[in-house]
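# Descriptive structure summary
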Amino acid sequence: MKIVTIVGARPQFVKAAIFSKEFRKNNTEILVHTGQHYDANMSDIFFEELNIPKPNYNLGIGSGTHGKQTAKMLEGIEEILIKEKPDGLLVYGDTNSTLAGALAASKLIIPVFHIEAGLRSYDMKMPEEQNRILTDHISKLLFCPTQTAVNNLKKEGIVAGVINSGDIMYDSVLHYTSLSEKKYKDGKWIEEIEKENQINLDIKIKNYYLATIHRQSNTDDENNLKKIFEALNKLNKPVIMPLHPRTLKKVKELNINVDNITVIKPVGYLMMLYLTKNSFMVITDSGGLQKEAYFLKVPCTTLRDQTEWVETLEDNWNVICKIDVEIIIKNINRNLDFLNKEQPKKFGDSNSANIIIDVLLKEFRK
Ligand code: UD1
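Predicted model, so just to flag it, every value in this text is computed and none were measured. (Residues numbered from 1 in each chain as written. Predicted model: local features only at pLDDT ≥ 70, side-chain atom pairs only at ≥ 80, totals over all residues. Heavy atoms only, no water.)

### Notes on the pattern of salt bridges
Tallied over the full model, the rule gives 24 salt bridges. K2 is the salt-bridge partner of E84, the closest N and O atoms lying 2.9 Å from each other. With E84 in helix α3 (residues 66-84) and K2 in strand β1 (residues 2-7), this pair connects stretches of sequence that are 82 residues apart. Accessibility expressed as a relative area gives 15% for E84, which makes it buried. The partner of D315 in a salt bridge is K341, and the shortest N-O contact between them spans 3.2 Å. Within this pair, whereas D315 is found in the loop between β12 (300-302) and β13 (318-320), its partner K341 is found in the loop between α14 (325-332) and α15 (352-365), the two being separated by 26 residues in sequence. With a relative accessible area of 42%, K341 lands in the partly exposed category. Look at the salt bridges and you will find they share partners, linking D94, E129, R132, R304 and E308 into a network. (Salt bridge = Lys/Arg side-chain N within 4 Å of Asp/Glu carboxyl O. Helix = DSSP H or I, 4+ residues; strand = E, 2+ residues; numbered from the N terminus. Buried < 20%, exposed > 50% of the residue type's maximum accessible area, 1.4 Å probe, protein only.)

This is the structure in structure tokens:
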């Protein structure tokens, strides 16, 4: 079977790292990088340390308004699909690269396979929500990470081609955590952060908060961004914050105080897993990180009104909270009794890549 796979942003590199290795054992994959993420520590580092095959094409699209970025990708991907004539096109998640890929293939009547289908925040103002709904409605096979995602699709009348494959991110967290531990044990993580950022780091395992902020609803709303940093500045443990370039730009523009926060450059996946596993709590607006924290049994406070990953809210492993200084601090300081509880198995058995490949091959042989 020959497929074209589209990647463009960090969370997609992580999923491709797991899927591509397995799929390529007996099949052909043409990997297209749209270039949505392009800084070395937003893209190259993932390919290097996770051993992701070098993309066959890099469209080098870069940043832009949503319309411009998506349109340029659509044009580039269409050309590749016409040339490569694949049996299908595979996309991950909910970024502009996902939608552009799905749309290009759909117009050429090439079957679309969507990994991480069926997630909903029910907030159409989020660009990601628009991308996921549109992609799901033009996909032939929809690989859902959870039963909730399957149910969400059913509510929209999508039942054909829907498979609960478990969460490929669960595969990847389990696979890469041991590598991450090996690479960064014995204080090597501190050495690397100090060297990369030219700082001295006084931080102890399980005694710091790991924070990330990059959602448009937080970065592009001056009030929200200021309130988030005000709350983080008031916490009673060190806060370490690998900052997305978009957020860093805003923090500088608005002259936001980061005195009590260790702001560092974005980090690769192995470092992120290490920082997550060893943190006291994760504070984030990322979708993927909420789940990584959950899989690693670390509490998470999510700075958003809703989450697509509702399973993580059970027992308060994860809580969503309004952007208000007092509410944020109160949620971060919540009772953590749940830490001794078993987590129900709702994200599959960490063999999701193989389940997906079996279904793809069955479809191909039809
Ligand atoms: C994108 C996805 C989001 C995903 C996130 C993962 C969309 C709509 N959003 O958000 O779903 O959770 O990736 O990280 O597709 N920039 C750089 N260097 C880079 C990349 C971005 O400086 O390598 C800056 C640019 O100023 C750019 C901004 O970040 O305009 C936003 O980047 P963009 O790719 O549009 O969205 P993300 O916020 O990264």
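### Section: the packing of aromatic side chains
The tally for this structure, following the rule as stated, stands at 15 aromatic pairs. Ring centres 5.8 Å apart and planes at 80 degrees place the aromatic pair Y176 and Y269 in the edge-to-face group. Taken together, the residues Y176 in helix α7 (residues 168-184) and Y269 in helix α12 (residues 269-277) connect sequence positions 93 residues apart. Residues Y176 and Y269 agree in their burial class; the two are buried. Aromatic side chains Y294 and W317 sit 6.2 Å apart centroid to centroid with 80 degrees between the ring planes, which places their arrangement in the edge-to-face category. Here the residue Y294 occupies a position in helix α13 (residues 287-295), and W317 occupies one in the loop between β12 and β13, the gap between them amounting to 23 residues. (Phe/Tyr/Trp six-rings, centres within 6.5 Å; stacked < 30°, edge-to-face > 60°.)

### Observations concerning the sheet that holds strand β11 (residues 281-284)
Taken in spatial order, the six strands line up as β10-β9-β8-β11-β12-β13 in an open sheet, and their pairing is parallel. Two strands close off the open sheet at either side, each with one partner strand: β10 (261-264) and β13. Within the sheet, the average angular offset between the axes of one strand and its neighbour, ignoring direction, is 20 degrees. Pairing of β11 with β12 involves three bridges; the strand directions are parallel. Residue T284 lies in a different strand from β12, and its bridge partner there is T302. Sheet strands touched by α13: β8 (209-212), β11, β12 and β13. Its angle to β11, the strand with the most contacts, is close to 170 degrees. (Pairing = 2+ DSSP bridges. Axes fitted to C-alpha atoms, helices over the stretch in contact; angles between N-to-C directions. Contact = heavy atoms within 4.5 Å.)

### Re the domain arrangement of the protein chain
Domain annotation for the protein chain reports domain 1 (2-167 + 348-365) and domain 2 (171-340). Using only C-alpha atoms to locate each centre, domain 1 and domain 2 end up separated by 26 Å. Listed as interface residues are 31 residues of domain 1 and, on the opposing side, 26 residues of domain 2. Of the roughly 2200 Å² buried between domain 1 and domain 2, counting both surfaces, carbon and sulfur atoms make up 54%. On the domain 1 side of the contact with domain 2, I18, E49 and D167 bury the most area, a combined 23% of that side's loss. One can count five salt bridges joining domain 1 with domain 2. With a shortest N-O distance of 3.4 Å, R132 and E308 are connected by a salt bridge. Applying the counting rule to domain 1 against domain 2 returns 15 residue pairs in polar contact (both at pLDDT 80 or more). Put simply, the parts of the chain that give the side of domain 1 that touches domain 2 at least two residues each are α1 (10-23), α2 (44-49), α5 (127-137) and α15. (Domains from an automatic or database assignment. Buried area = accessible area lost by both parts, 1.4 Å probe. Polar contact = N/O pair within 3.5 Å; in protein donor to acceptor, adjacent residues only side chain to side chain.)

### Describing the sheet that holds strand β7 (residues 162-164)
Overall, parallel pairing links the seven strands, which are arranged β3-β2-β1-β4-β5-β6-β7 in an open sheet. The open sheet terminates on both sides in strands that have one partner only, identified here as β3 (57-58) and β7. With two bridges joining them, strand β2 (residues 28-33) and β3 adopt parallel strand pairing. Paired with V32 across the strands is Y57, a residue of β3. Where α3 meets the sheet, it contacts β1, β2, β3 and β4 (88-92), and its direction lies at approximately 165 degrees from that of β1.

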